[in-house]
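So the chains spell out like this:
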2 protein chains.
Amino acid sequence: MTTYQAPLEEFHFLLHELFHASEQEIEGFSELTPEFTSEILTMGAKVATEIMLPINRSGDEEGCKLENGSVITPKGFVNAFDEIRKGGWTGLDCDPLYGGQGLPITLSLIFGEIFSSCNISLTIYKALTHGAYATILAHGNSIQKNTYLPKLVTCEWTGTMNLTEPHCGTDLGMIKTKAEPISKVEYKITGQKIFISSGDHDLAENIIHLVLAKVPGGPNGVKGISLFIVPKFLVNDDGSMGKKNDLSIGSIEKKMGIHANATCVLNYDGAIGYLLGEKHKGVQTMFTMMNEARLGVGVQSLALAEVAYQSSLIYSKERVQGKSLERDGKFSTSPKPIICHPDVRKNLMNQKSFIEGARALTLWTALLLDKGTRSSDKKSYGLASLLTPVIKGYISDIGFDMTVVGQQIFGGHGYIEEWGMSQLVRDSRIAMIYEGTNGVQAIDLVGRKLNSDGGANIMYLRELVTTYLHQSTVSEEIENEFFVPLKNSLKDLESALKFLLDNGIKNPNAALAGASDFLHLLGIFCIGFMWVKIVSRVSEKKKAGDKINKFLEAKIVTGKYYMANTLPKTMFLATKIEAGDKILMSLEPDQF
Amino acid sequence: MTTYQAPLEEFHFLLHELFHASEQEIEGFSELTPEFTSEILTMGAKVATEIMLPINRSGDEEGCKLENGSVITPKGFVNAFDEIRKGGWTGLDCDPLYGGQGLPITLSLIFGEIFSSCNISLTIYKALTHGAYATILAHGNSIQKNTYLPKLVTCEWTGTMNLTEPHCGTDLGMIKTKAEPISKVEYKITGQKIFISSGDHDLAENIIHLVLAKVPGGPNGVKGISLFIVPKFLVNDDGSMGKKNDLSIGSIEKKMGIHANATCVLNYDGAIGYLLGEKHKGVQTMFTMMNEARLGVGVQSLALAEVAYQSSLIYSKERVQGKSLERDGKFSTSPKPIICHPDVRKNLMNQKSFIEGARALTLWTALLLDKGTRSSDKKSYGLASLLTPVIKGYISDIGFDMTVVGQQIFGGHGYIEEWGMSQLVRDSRIAMIYEGTNGVQAIDLVGRKLNSDGGANIMYLRELVTTYLHQSTVSEEIENEFFVPLKNSLKDLESALKFLLDNGIKNPNAALAGASDFLHLLGIFCIGFMWVKIVSRVSEKKKAGDKINKFLEAKIVTGKYYMANTLPKTMFLATKIEAGDKILMSLEPDQF
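The residue numbering used here restarts from 1 in each chain and proceeds along that chain's sequence as written. Throughout, the order in which chains and ligands are written sets their labels, letters from A for the former and numbers from 1 for the latter. The model is predicted, so local features are restricted to residues of pLDDT at least 70 and side-chain atom pairs to those at 80 or more, both for listing and for counting; the totals for chains, interfaces and linings are taken over all residues. Processing note: side-chain calculations cover all non-hydrogen atoms of the structure and skip hydrogens and water entirely.

## A few points about the nonpolar core
Ranked by size, the top nonpolar core spans 398 residues in total, and within it A:Leu210, A:Trp364, A:Phe518, B:Leu122, B:Leu210, B:Trp364 and B:Phe518 carry the most contacts. Any pair of residues with heavy atoms lying within 4.5 Å of one another is described as a contacting pair. In this structure, A:Trp364 is in contact with A:Phe19, A:Leu383, A:Leu387, A:Leu461, A:Leu464, A:Phe529, A:Met530 and A:Lys533, ignoring residues within four places of it in sequence. Within this scheme, the nonpolar core is defined by two criteria: the residues are buried Ala, Val, Leu, Ile, Met, Phe, Trp, Tyr or Cys, and they are joined through side-chain atoms within 4.5 Å. Residue burial is assigned from relative accessible area. The probe radius is 1.4 Å, only protein chains are included, and a residue is buried under 20% of its type maximum, exposed over 50%, and partly exposed in between.

This is the structure we're talking about:
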């Protein structure tokens, strides 16, 4: 069976020991004292494990149903969502002006992880609502803000994002949904949207769809797309609920995973919509919330990898099978728990070293984002933008692999649905696809983020790393087992980067060919940097005479494992990147 | 939607151009002329695609049902199995003495691939029957052979393997099922077995269970286990069906995939069983068929990767999305099929270069096995044994990854069950687990196969490779792009091997720590060797003035891609292997 306890000691370490949250000179950070974060995280973890976790497995089994044109969520979801709403867990990082609690993303991201670990399907209803909230907050006029934001903050109403159509996903320029003006503020929306997460349900009284559509007569392609607010039920001027809008649920998709989140086909049949932001700038408007949403997807993967890790760890301690080598160099006479076997141990160490390093990276990125937005620190914001596709793409790729690894530790039981490991794999798989496939993340990284501001963001990262390595005085052990490997890996990064920059301008395909490998290279390297920081911090504490408990000791071992086993992959990836597109693109399509 | 056409041109190339099947001096190979194999493979492919493929998706959706103590397979399975039986497709490589066709494994393995591509759940009913057939053939007495083999060859009766119990899988020494003697030949079998593939169904009139159990008073551990034939219905002396044996179906497991194959809990309540082979030697008896079965599992993964590849290839040609770089160095003005995008192309090349190389490796191993068994060539048999865990473990690990890659090319559609890509991923996942998890394969390779006969098998492989590289005169292009990379990779292999041999004796954990990485290293290297052979063959034909069609040209490009993009990974893996167990084993269980 799966098991989950929120890793509170870990969050405490990252927030306070590593990133010194409450000492950051960022608006709202002084409140993030260890006492405060400990209290609120403990409460959040309690809600998640007591309310969301118990209906996770049954939600997967039952799925959503479409009855009389409306979606019914699995048993217990309505109550659970209500509890979360009542507890005030929906608007943690929302603007207090609209009822939110104004907490930094650095903290709300942790809740995102805990909630996703406990019940990702239920969390997605909330996450998309937050996306709609952020978009209206950034681009809505005052009437729109006052009408929708308070309800979205509390999740009395939920939100959706309507981008994809049957013939177009990534290439939004091809969308066909039409928006015909019927008054100064109203449009008639007509068309079909697919893959709409949380597209319909019985958890809230209204659903606010944000819909990309084309106003006839506008420019071709992405430049002619606008964004509209299309409520399921129209809202009267006094805020009360009006008539049902002209949209219907075509079907619920039967998916590999996240069964308890309704992924809908939505048909708009002249539904009333309200322009959000500028006409013909719908794509930019919608992309406002993309950085944050993509960060959130990386965290979802991490969250499921954490559950897979905890569950397989317990299984590996309880499952007794096969003799193992003892400390005296002889094999045991009786079978031992499988955690004693090196191959199982390796699976556990791969999980542990990835998860802890990746968690540090997501929190660091959130901190950069908070710094960027709350303190207008452009460099930090730029670096967060650079790291966002890495977090979304690399963490969801490896996070998925790690759920597969956790499932593997269970042997045959991992394949049986009852044990829950299969659900983790199936639920995790979507993160590599939605909010832009990981291939698209790689193109965003190499084709856009690397070059924006003349490469300032990657140079800033390089500067932070080299300064760190230069300024720290560490023991020979840390130097040899951490600093040296990171310096070697930095050479791989620089070599790959040089190839991309030298070749990408004259032949974009040479750079695009290595995009996914570069995204992985950067992910591995950045997590390596996190391990260097984590272990340096522990060693600093040791030097200062602080008590080094088992938790902190484990950080050193886990970090060493990462540096010796995962980080060297950057050399292999650099080799692949430098192979470019010459062979890659030389087959004719009919030769495949 | 998924799509499949048997890759007949590929099979022809491997059998006749690469391995010169009909010229091999092995019993039965002279019949494998191009005309014969082409005819029989075409017929087999027709049966598979017309009878098995159409019920693959519906079989997944419907699954098996347990009704009144018996398993009902999905709609169409009874008829399809009957057609396969009537067509004579069940006994291809079985002994003609018992009604088989006596074909070499080299050929029957190809049918295994085609059938698994079309419907893996249905194929497993047949595959396990073959396992039971092989075990009884090798160890049965003449009465047992005459009673069971003719029926198993035709699949009028099917077979199962009963090893696992709730508390033990890999560690068979722990089994509790009891076998109490009641006469000279009869035993009473009592106990519970789980994860029994094809455990019950309505496809055949009888099911012959091969059950591991302990005769009271025997030695402890694996040395006290015996193997029994336990028919679902007892067989009268005249061969007619007798009374139902005392065994029942506890439940059908709800699994991640292969829904149409019933995985059962079987309860033996004093069922009559007949000792097969020697008492207390049941594990050895059952392992007789393991090499072949494990080879078969690797082929199943390959088969599903092939379908994922073909399906995603077609999708990539039909799905139009995003502008791409044209031959003139400018981006197209309109969206293009996604096969034009380097990232998608890379996914396709990864699939293609793995599948074609892995297929060559499985066929080569089957050829070695045929040589070993039909011509008593010990060296070939030993090398086939060495390669078997590699085929099972490496091909199922990467084969699974490649179904995930294929699913990824479909974007959001890949996550929707209706499109079939999710099923490929879910079905493929089991191959990494059953017939011994891939971790167990790695231990078998490093702990047993590497050392058997004093390392003769790995030395034989090394000799074959170096002789090949030494004796061939090739163009500078082939030398630089194929021979040089393979020589480099051989150094990685040798370096890792040296570490394992130097350290493994004094500390087995140092070797076991790198077992899975070594299995991958050897897999990557052997497929690299296959590409060297394939491309050398094409280049030989070129030199001889033969027509080089698009298919053969593609081999050169695909091989180059493999050598530049996949093969260099052996260096990374060698680095990991040489890290040993020092860090790996140093955390205490409570530090995880």
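## A short note on the pairing of strand β3 (residues 157-162) of chain B
Residues and elements named next belong to chain B. Of all the 6 residues making up β3, 6 are buried; the element is thus mostly covered by neighbouring parts of the structure. The way it works is that DSSP assigns letters per residue, a run of H or I at least four long becomes a helix, a run of E at least two long becomes a strand, and they are numbered from the N terminus. Side-chain alternation along β3 places Trp157, Gly159 and Met161 on one buried face and Thr158, Thr160 and Asn162 on a second face that is also buried. Only strands joined by at least two bridges in the DSSP assignment are considered to pair. Where β3 and strand β6 (residues 206-214) come together, 6 bridges link them in parallel fashion. Pairing of Asn162 across the sheet is with Val211, part of β6.

## Digging into the interface of chain A and chain B
Tallying the contact residues gives 94 residues for chain A and 94 residues for chain B. Here, a salt bridge means any side-chain nitrogen of Lys or Arg that lies within 4 Å of a carboxyl oxygen of Asp or Glu. Applying the counting rule to chain A against chain B returns 6 salt bridges. Between A:Lys550 and B:Asp590 there is a salt bridge whose closest N-O contact spans 2.9 Å. Three classes are used, and their members are as follows: Ala, Val, Leu, Ile, Met, Phe, Trp, Tyr, Cys and Pro are nonpolar, Asp, Glu, Lys and Arg are charged, and the others, Gly among them, are polar. Looking at the side of chain A that touches chain B, its residues break down into 43 nonpolar, 25 polar and 26 charged.

## Let's talk about helix α18 (residues 550-565) of chain A
Counting along an α-helix, one turn takes 3.6 residues, and residues three or four places apart therefore face a common direction. By this rule the span expected of a helix is its residue count minus one, scaled by 1.5 Å. End to end, α18(A) covers 22 Å across 16 residues, agreeing with the expected 22 Å (1.5 Å per residue, within 8%). When you tally the buried positions in α18(A), you get 13 out of 16 residues, the bulk of the element.

## Here's the deal with the side chain of B:Ser324
Assignment of secondary structure puts B:Ser324 in the loop between α9 (290-318) and α10 (342-374). Leaving out residues up to four positions away in the same chain, B:Ser324 has contacts with B:Lys330, B:Phe331, B:Ser332, B:Lys336, B:Cys340 and B:His341.

## Observations regarding the pattern of salt bridges
Residue and element names in this part refer to chain B. The final tally for this structure, using the stated rule, is 67 salt bridges over all chains. Notably, a salt bridge pairs Arg359 with Glu113, separated by 2.6 Å at the nearest N-O pair. Within this pair, whereas Arg359 is found in helix α10, its partner Glu113 is found in helix α5 (residues 105-118), the two being separated by 246 residues in sequence. Owing to a relative accessible area of 2%, Glu113 belongs among the buried residues under this scheme.

## Regarding unusual backbone geometry
Residue and element names in this part refer to chain A. With a phi close to 60 degrees, Phe195 is a non-glycine residue in the positive phi region. Positive phi values are uncommon outside glycine, yet Ile258 reaches one of about 35 degrees. We classify Ile258 as buried; its relative accessible area is 2%.

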